[in-house]
Amino acid sequence: MTAVLQLTDVVRVHGEAPHEVQALRGVSFAAYAGELVAVMGPSGSGKSTLLTIAGGLDQPTSGAVTVEGVDLARLGQPERARMRRTSIGYVFQGFNLIPALTAAENVALPRELDGVAPRQARAEARQALEEVGIPHLADRFPDDMSGGQQQRVAIARAVVAERRLILADEPTGALDTETGEEILRLLRARCDAGAAGVLVTHEARHAAWADRVVFLRDGVVVDETGADRAETLTEPAAR
Amino acid sequence: MSGGTTSSRLGGWRVALRLARREAWRRKAQTALMLLLICLPVMAVSAATVVWRTSDVSSAESVTRRMGAAAAVLTPQQTRDVAQKFDPDDGTAWGAENEPPATEAEIRTVLGDRPLLPVRRDSADYRTTHGIAGTNLLVADLRQPLAAGLFRLDDGRFPRSVDEVVVNQAVADRGPGLGDTLVLERRAPDGTKVPIELRVVGVGDYADSRTRAWAAVLPGALGEPTADDGPPQLLVGGGPVTWSDVRALNALGVIVASRQVLTDPPPESALAPDMRGGDEGDDTALTVLGLVVAMVLLEVVLLAGPAFAVRARAQAHTLALVAASGGTPAQARRTVLASGVVVGLVGGVLGVGLGIAGSTLAVPIAQRLDAAWFGPFEVPWALVALVAGFGFLSALLAAVVPAFAASRQDVVAVLAGRRGEGRPSRRSPVVGLVLIGLGVAGSVAGSRPGGGSSALLVGGSAIVSVVGMIFLVPVVVAAVARLAARLPLPLRFAARDAARHRMRTVPAIAAVGATVAGVIALGIAVTSQAASDEQGYSPMLPIGNGAVSLPTDATPGQVDEVEEILRKGLPDAPRERVTGVVMDGADHSLDIGLAHGDQRVMTSYWGILGTSFLVADELPGYLGTRPDDRAAADRVLADGGIVVLRNRSEKALPADRLTVEVGEVPFEGGEIAHLRHADLPAAAARVPERSSPVAAVLSPEAAALLRLPTATTAIAVRPTIEKGALKNVNEQLAASTANVELQVERGYQPEAATRIIKIVLAVLGGILMLGGTLTATFLALSDARPDFATMAAVGARPRTRRGVAASYALVVGLVGALLGAPIGFIPGVAISRPLTYDDVTSSTLLAIPWPLLGAVVVGLPLLTALIVGLAARSRLPLVARLD
């Protein structure tokens with residue numbers, strides 16, 4: 001079975017010597033179809049850098065990143081943008097919806113940017129919104145929605161048109177506990193339906209939703225564990 | 001108000017100003033944009049003010065060019081009673097005329113034993129390299145100290161004898177230079193030309209005019225002055241000539257320009273009662289100026305508005321925090337207004353400084369374009385300070401709306417990070433429609449032809465309509481955003497974003513709208529007037545034809561000479577001698593009337609062919625008559641009859657026989673003496689224009705029957721007459737003994753000014769539209785940075801940003817243009833009515849400049865969008881986490 005996302009010896013250095021900062025120092029890990037991988041670690045451990053590199057928003061200093069077998073390093077900026085429209089879905093902590101667009105239009109954005117006819121893009125968006133449970137909010141603007149509703153829209157946008165890799169950066173950070181759990185349930189369901197998910201979080205209880213947890217510290221993977229051992233990483237009180 | 005509140009208020013301002021100053025420094029690029037928008041108009045206006053005041057020569061500044069080094073210049077009149085203002089150029093009045101002018105002895109009874117220097121201004125023809133041209137002459141002894149400054153020498157010296165002359169550069173350029181011989185041609189009383197040869201001993205500048213031809217000679221160089229020349233002007237030496245001296249000289253019939261009175265005028269009460277006051281029309285000029293200033297202020301405020309709105313928005317979070325910790329709305333307002341104060345102060349002062357610096361460059365350029373010499377470089381400080389104040393005011397006004405919005409902002413929404421602005425007011429479109437209604441009503445009232453204040457009323461209504469339009473912009477923008485649902489992503493995003501951020505979009509759209517309204521209004525006015533001029537144009541000859549009218553006393557030799565010049569100069573243009581009735585005798589002129597019974601047949605014509613009645617045995621081709629009238633006309637001429645030319649507005653002939661009556665009008669005045677008449681067969685030949693060249697064509701038999709004197713009265717020249725050749729031919733014709741001119745009918749020539757005005761309008765409109773759109777677009781782009789980051793994250797191509805930028809520019813430009821164009825029609829249509837009113841037909845004319853309209857409403861927004869799209873950075877911000 002091939003990995004949907006494969007990072008091999010990824011190094012990312014910010015700045016130049018002597019002021020250089022090594023955000024990632026040789027990280028390798030993979031995410032397979034149907035699997036949700038949680039990336040954990042303290043602030044500054046390189047979690048977000050890992051995600052931007054996985055999504056092709058940033059380039060590794062060395063090492064390889066492949067998404068569905070395609071080496072992102074070999075792609076130019078336009079092709080990497082195309083990958084984000086067709087293969088990679090992003091979910092951010094701040095929801096990052098465009099306030100000038102309705103829920104449906106936000107979800108349809110990657111499809112429209114990909115050149116799909118607006119009518120079809122809109123239809124796909126409605127379907128995605130239905131999957132996340134808010135079909136009735138399709139014509140609302142983000143400012144008129146609650147945080148949880150906005151994050152559902154963001155997830156719909158990340159999964160629209162069967163994208164195989166979902167990258168979520170602290171998706172519950174701005175939500176209350178209950179709403180956060182619902183969002184994670186949605187992500188989990190999406191992975192169960194066949195997508196590969198990477199969830200960056202610093203809350204151990206969220207890792208319980210994951211099949212595996214990758215633990216980062218100072219830019220290196222210090223531990224990798226299967227879901228069956230997730231409890232060892234989770235404080236008992238959180239469960 | 002107690003002292004305590006005053007000081008606390010001042011204290012509040014101090015904090016607000018400090019915040020504004022820091023903010024201005026922190027956001028340097030944005031501040032630079034705000035300064036630019038305030039600075040540019042201030043700079044342009046203050047530079048223009050300096051150039052204007054420098055080019056304007058005041059009474060005091062004109063002293064040297066009028067009287068040299070003298071204390072006064074006296075102009076004796078042929079009367080014994082004049083009244084004058086302090087500067088006689090501002091107004092004089094005469095008593096009974098035809099009296100002998102004051103003698104030198106009489107003048108000395110007032111002025112005593114002062115030196116007096118006679119000066120005369122005259123004119124003459126001189127021989128140029130190509131032919132003949134005219135020059136002005138200054139007849140005075142320029143070596144005298146009193147004359148110093150009238151003529152500045154660049155080279156050579158002043159004349160010492162009557163056969164010497166100094167010329168200015170304008171003469172030297174077209175004729176003889178230093179050391180050469182200048183040949184003047186003076187017409188003697190018997191009409192013959194007398195050449196006067198003079199040696200050019202100096203070249204310089206005449207003090208009053210830069211480009212007109214001037215030469216200066218000693219008195220006597222042109223022969224003795226005749227009685228017709230009148231007395232010379234006198235330059236007066238010695239001490240100051242006081243106002244009481246001036247009044248005493250006025251009583252002798254002498255007009256006086258006195259150095260002392262011009263530079264230090266006495267109080268107004270010293271004037272004769274009927275010379276006081278009088279500068280009428282100033283009120284109107286002031287009102288017009290007021291309207292212009294109001295319009296410019298509005299435009300500047302609208303252009304700068306978006307920048308201030310964005311600055312206020314950037315401070316929104318701070319202000320919300322302040323409000324949350326107990327700040328009052330007034331404090332929030334003050335904080336935003338302080339931005340206007342800071343930018344207005346700096347922008348005003350900077351703009352004036354740059355304007356004055358720029359004017360030092362502009363003055364020499366303007367001087368080169370002006371025929372008259374400018375006065376000394378002059379900065380009108382009071383006016384310039386006003387301009388700076390104008391800049392300050394516009395910045396302050398631009399900050400007012402954002403300031404009030406900031407004081408009323410939804411603190412919770414701001415702190416929660418919501419970026420929109422809520423729904424537009426439901427009241428504002430009603431206010432807008434009411435204002436536009438008032439504007440229409442005012443324009444209708446002002447459009448009545450003949451009303452004295454119509455232009456003011458229309459101008460005022462235009463401003464009211466534009467303000468009304470501003471109130472409509474928010475709802476229109478909201479409506480556009482709703483309609484945008486079906487548009488492609490970049491346009492949809494731009495339209496929605498524009499509606500969400502009305503504070504910056506509305507002024508930008510309004511600025512574009514106001515610009516377009518102004519351009520359209522002026523365009524309609526100018527085009528309508530040009531169309532009206534064209535409709536009212538009466539050609540003298542068929543288009544392309546020319547004619548040389550010959551003097552009544554032209555000898556056969558002169559006619560041959562003229563024809564020879566035409567033959568050589570225009571070898572390809574067919575010529576024809578025109579035989580006509582000689583209308584003028586030695587002491588009388590002929591009066592030829594046409595009648596049918598008691599009914600007179602009226603004719604109107606130019607008489608361009610040296611006569612009103614041609615004599616020919618068939619209809620000449622150069623009259624431009626309709627071909628289908630020719631057969632009948634030729635038949636009547638063969639029958640010894642008369643063919644009457646009928647232009648477009650004249651009725652058909654009442655009968656096919658007319659009575660031709662010949663009378664004499666004595667030059668000395670008196671009754672017409674009827675001589676003879678004849679009953680002749682008549683036909684009409686129609687001219688498809690508003691006018692015909694002559695009244696009628698008589699058959700030779702008819703002319704003989706009526707004993708009318710005939711001669712070659714003109715030479716008609718058929719097309720094609722090339723412009724360059726025409727100039728050469730005319731210089732030769734002017735130098736010929738007949739001294740005649742070939743006039744060519746070119747048809748209606750739109751004034752170059754009309755075309756230039758339209759181009760200037762389009763360019764100015766383009767600049768303002770580009771300015772307004774660019775500011776709003778780039779402010780919007782910087783605001784939309786997080787949205788672009790999101791788009792990048794979901795895979796937007798780099799060109800998406802360009803697309804959004806261009807769409808935003810298109811929305812601002814197109815909505816503004818579509819709103820502004822109808823608003824421009826209101827004053828445009830209104831002002832075209834009095835401008836094109838035809839007294840005769842009491843009709844008016846409306847011409848819409850469609851190309852200009854299309855260019856401004858469709859072309860410019862598309863062009864602007866294209867420019868913005870190309871100028872926008874295509875790189876998307878790659879921000880991974882935006883919290």
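The shown structure was predicted, so the numbers you read here are calculated from the model rather than taken from an experiment.

**A short note on the overall build of chain A**
Part 1: Secondary structure assignment for chain A yields seven helices and 10 strands.
Part 2: Taken over C-alpha atoms, the radius of gyration comes to 17 Å for chain A, in line with the 18 Å a tight globule of 239 residues would show.
Part 3: Expressed as a percentage of the 239 residues in chain A, the buried residues total 56%.
Part 4: Contacts spanning at least 24 positions in sequence make up 69% of the contacts within chain A whose residues lie at least 6 apart.

**Focus: the overall build of chain B**
Part 1: Scanning chain B from terminus to terminus reveals 24 helices and 23 strands.
Part 2: For 883 residues, the compact-globule formula gives about 29 Å, and the C-alpha radius of gyration of chain B, at 37 Å, lies well above that figure.
Part 3: Across its three principal axes, chain B shows a C-alpha extent of roughly 105 × 80 × 50 Å.
Part 4: Within chain B, residue pairs in contact and separated by at least 24 positions form 81% of the contacts whose partners lie at least 6 positions apart.
Part 5: Just so you have it, chain B exposes about 41,100 Å², and 59% of that area is on carbon and sulfur atoms.

**Brief notes about the interface of chain B and chain A**
Part 1: Across the contact, 26 residues belong to chain B and 29 residues belong to chain A.
Part 2: Around 2,600 Å² of area is buried between chain B and chain A when both sides are counted, 57% of it from carbon and sulfur atoms.
Part 3: At the boundary of chain B with chain A, the tally comes to four salt bridges.
Part 4: Across the pair R492(B) and E112(A) runs a salt bridge, and its minimum N-O distance is 2.8 Å.
Part 5: Viewed at the interface, chain A and chain B are joined by eight residue pairs in polar contact (both at pLDDT 80 or more).
Part 6: Put simply, the parts of the chain that give the side of chain B that touches chain A at least two residues each are α15 (489-500) and α22 (785-793) of chain B.
Part 7: Of all the elements, α15(B) adds the most residues to the side of chain B that touches chain A, at six residues.

**Some details on the UniProt feature "domain: ABC3 transporter permease C-terminal" (unreviewed entry) in chain B**
Residue and element names in this part refer to chain B.
Part 1: According to UniProt, the positions carrying the feature "domain: ABC3 transporter permease C-terminal" (unreviewed entry) are residues 292-410 and 760-873.
Part 2: Across residues 292-410 one finds 84% helix and 0% strand; the C-alpha atoms that close the span lie 38 Å apart.
Part 3: Annotated as residues 760-873, this span is 82% helix and 0% strand, and its ends, taken at the C-alpha atoms, are 31 Å apart.

**Points about the sheet that holds strand β2 (residues 21-31) of chain A**
Part 1: An order of β2-β1-β4-β5 (chain A) is seen for the four strands of this open sheet, with the pairing classed as antiparallel. Of all strands in the sheet, those bounded by a partner on one side alone are β2 and β5 (70-71) of chain A.

**Regarding helix α23 (residues 799-836) of chain B**
Part 1: In a regular helix each residue adds 1.5 Å, so 38 residues correspond to 56 Å; α23(B) covers 51 Å between its end C-alpha atoms and thus fits that length.
Part 2: Taking burial as the measure, the 38 residues of α23(B) include 27 buried ones, the bulk of the element.

**Focus on unusual backbone geometry**
Residue and element names in this part refer to chain A.
Part 1: One non-glycine residue with positive phi stands out, namely E68, at about 50 degrees.
Part 2: The exposure class assigned to E68 is partly exposed, which follows from its relative accessible area of 33%.
Part 3: The residue D218 is not glycine, and still its phi comes out positive at about 55 degrees.
Part 4: Within the secondary structure layout, D218 lies in the loop between β9 (212-217) and β10 (220-226).
Part 5: For D218, a relative accessible area of 46% corresponds to the partly exposed category.

**Observations regarding helix α10 (residues 329-369) of chain B**
Part 1: In a regular helix each residue adds 1.5 Å, so 41 residues correspond to 60 Å; α10(B) covers 55 Å between its end C-alpha atoms and thus fits that length.
Part 2: Where α10(B) bends most, at T360(B), the angle is about 35 degrees, and the proline P364(B) comes one to four residues later.

**Some points on the packing of helix α14 (residues 454-483) of chain B against helix α16 (residues 502-535) of chain B**
Residues and elements named next belong to chain B.
Part 1: Close contact between α14 and α16 brings their axes to 9 Å; oriented N to C, the two are set at 135 degrees. As judged from the angle between their axes, α14 and α16 are oblique. Considering how the two elements wind past one another, α14 and α16 form a crossing that is right-handed. Along the contact surface, α14 presents V466, M469, I470, V473, P474 and V477, while α16 presents R502, V506, I509, A510, G513, A514 and A517.
Part 2: Classifying every residue of the contact of α14 with α16 gives 11 nonpolar, one polar and one charged.

**Brief notes about the packing of helix α13 (residues 427-446) of chain B against α14(B)**
Residue and element names in this part refer to chain B.
Part 1: Running from N to C, α13 and α14 point in directions that differ by 160 degrees, and their axes come no closer than 7 Å. Overall, the two elements α13 and α14 adopt an arrangement that is roughly antiparallel. As α13 runs across α14, the sense of the crossing is left-handed.

**Overview of the nonpolar core**
All names here are of chain B.
Part 1: Within the largest apolar cluster, 47 residues are counted, with the highest numbers of intra-cluster contacts made by L302, V466, V473, V516, Y808, V812 and I823.
Part 2: Listing elements by their share of this core, those giving two or more residues are α8 (282-314), α14, α15, α16, α21 (752-783), α23 and α24 (850-871).
Part 3: At 12 residues, α16 tops the list of elements feeding residues into this core.
Part 4: Beyond its immediate sequence surroundings of up to four residues, I823 is in contact with I436, S465, V466, M469 and A517.

**Considering the confidence of the model for chain A**
When pLDDT drops low, the exact placement of atoms in the prediction is not to be read closely.
Part 1: Here chain A shows a mean pLDDT of 83. Residues at 70 or above account for 93%.
Part 2: Taken as a whole, residues 227-239 of chain A scores under 50 in pLDDT and shows 14 contacts with residues more than four places along the chain or in a different chain.

**Focus on the packing of aromatic side chains**
All names here are of chain B.
Part 1: What the rule picks out here adds up to five aromatic pairs over all chains.
Part 2: Their ring planes at 65 degrees and their centres at 4.8 Å tell us that F86 and W243 sit as a pair that is edge-to-face. Note that F86 is positioned in the loop between β2 (82-84) and β3 (92-94) and W243 in helix α6 (residues 243-250), a separation of 157 residues in sequence.
Part 3: Owing to a relative accessible area of 12%, F86 belongs among the buried residues under this scheme.
Part 4: Through a chain of ring-to-ring contacts, the aromatic side chains of F151, Y206 and W214 assemble into a single cluster.
Part 5: Sitting over the face of the ring of W52, R53 holds its NZ or CZ atom 5.3 Å from the ring centroid.
Part 6: The side chain of R801 reaches across the aromatic face of F788, ending 5.2 Å from its centre.

**A short note on the domain arrangement of chain B**
Interfaces are frequently sized by the accessible area removed from exposure as the parts join.
Part 1: As far as domains go, chain B holds domain 1 (67-275), domain 2 (436-537 + 749-883) and domain 3 (546-744).
Part 2: Between the C-alpha centres of domain 2 of chain B and domain 3 of chain B there is a distance of 55 Å.

**Notes on the pattern of salt bridges**
Residues and elements named next belong to chain B.
Part 1: Counted by the stated rule, this structure contains 41 salt bridges over all chains.
Part 2: Salt-bridge contacts for R108 lead to E104; the nearest nitrogen and oxygen are separated by 3.4 Å. One end of the pair is R108 and the other is E104, both in helix α4 (residues 104-111) and four residues apart, which spans about a single turn.
Part 3: A salt bridge links R157 to E164, with the nearest nitrogen and oxygen atoms 2.7 Å apart.
Part 4: According to the relative accessible area criterion, R157 is partly exposed, its value standing at 24%.

**A short note on the pairing of strand β4 (residues 62-67) of chain A**
Residue and element names in this part refer to chain A.
Part 1: Both strand β1 (residues 5-14) and β4 contribute to a ladder of five bridges, which runs antiparallel. In the strand pairing of β4, L7 is matched with V65.
Part 2: The pairing of β4 with β5 spans two bridges and is antiparallel. Bridge pairing in β5 places T66 opposite D71.
Part 3: Between β4 and β5, which pair antiparallel in sequence order, lie two residues; one of them, E68, sits at a positive phi of approximately 50 degrees.

**Notes on a positive patch on the surface**
All names here are of chain B.
Part 1: On the surface, R14, R18, R21 and R22 cluster together to form a positively charged patch.
Part 2: Secondary-structure assignment places R14 in helix α1 (residues 3-26).
Part 3: By relative accessible area, which is 56% here, R14 ends up exposed.

**Details of the environment of V162(B)**
Residues and elements named next belong to chain B.
Part 1: Among the secondary structure elements, V162 is positioned in the loop between β6 (151-156) and β7 (164-168).
Part 2: Under the relative-accessibility criterion, V162 is labelled partly exposed at 44%.
Part 3: Counting along the chain gives 59 residues from V162 to A221, while the straight-line C-alpha distance between them is 4.4 Å.
Part 4: Apart from residues lying up to four places away in sequence, V162 is in contact with L198, L218, P219, G220 and A221.

So, how was this worked out
Residues numbered from 1 in each chain as written. Chains lettered and ligands numbered in written order. Predicted model: local features only at pLDDT ≥ 70, side-chain atom pairs only at ≥ 80, totals over all residues. Heavy atoms only, no water. Helix = DSSP H or I, 4+ residues; strand = E, 2+ residues; numbered from the N terminus. Rg over C-alpha atoms; globule rule 2.2 N^0.38 Å. Buried < 20%, exposed > 50% of the residue type's maximum accessible area, 1.4 Å probe, protein only. Contact = heavy atoms within 4.5 Å. Areas by Shrake-Rupley, 256 points an atom, 1.4 Å probe, with all protein chains shown as cover. Buried area = accessible area lost by both parts, 1.4 Å probe. Salt bridge = Lys/Arg side-chain N within 4 Å of Asp/Glu carboxyl O. Polar contact = N/O pair within 3.5 Å; in protein donor to acceptor, adjacent residues only side chain to side chain. UniProt positions renumbered as here; feature names shortened; annotations may be inferred. Pairing = 2+ DSSP bridges. Expected span 1.5 Å × (residues − 1). Bend = angle between axes of the 7 residues up to and from the residue. Axes fitted to C-alpha atoms, helices over the stretch in contact; angles between N-to-C directions. Parallel < 35°, antiparallel > 145°, perpendicular 65-115°, else oblique. Left-handed = near helix turned anticlockwise from the far one by under 90°. Nonpolar A, V, L, I, M, F, W, Y, C, P; charged D, E, K, R; others polar. Core = buried A, V, L, I, M, F, W, Y, C linked by side-chain atoms within 4.5 Å. pLDDT = per-residue confidence, 0-100. Phe/Tyr/Trp six-rings, centres within 6.5 Å; stacked < 30°, edge-to-face > 60°. Lys NZ or Arg CZ within 6 Å of the ring centre and 35° of its normal. Domains from an automatic or database assignment. Patch = residues over 30% accessible without salt bridge, like charges linked within 9 Å, V, L, I, M, F, W, Y side chains within 5 Å. Lys, Arg positive; Asp, Glu negative; His and termini not counted. Charge placed at Lys NZ, Arg CZ, Asp CG, Glu CD.

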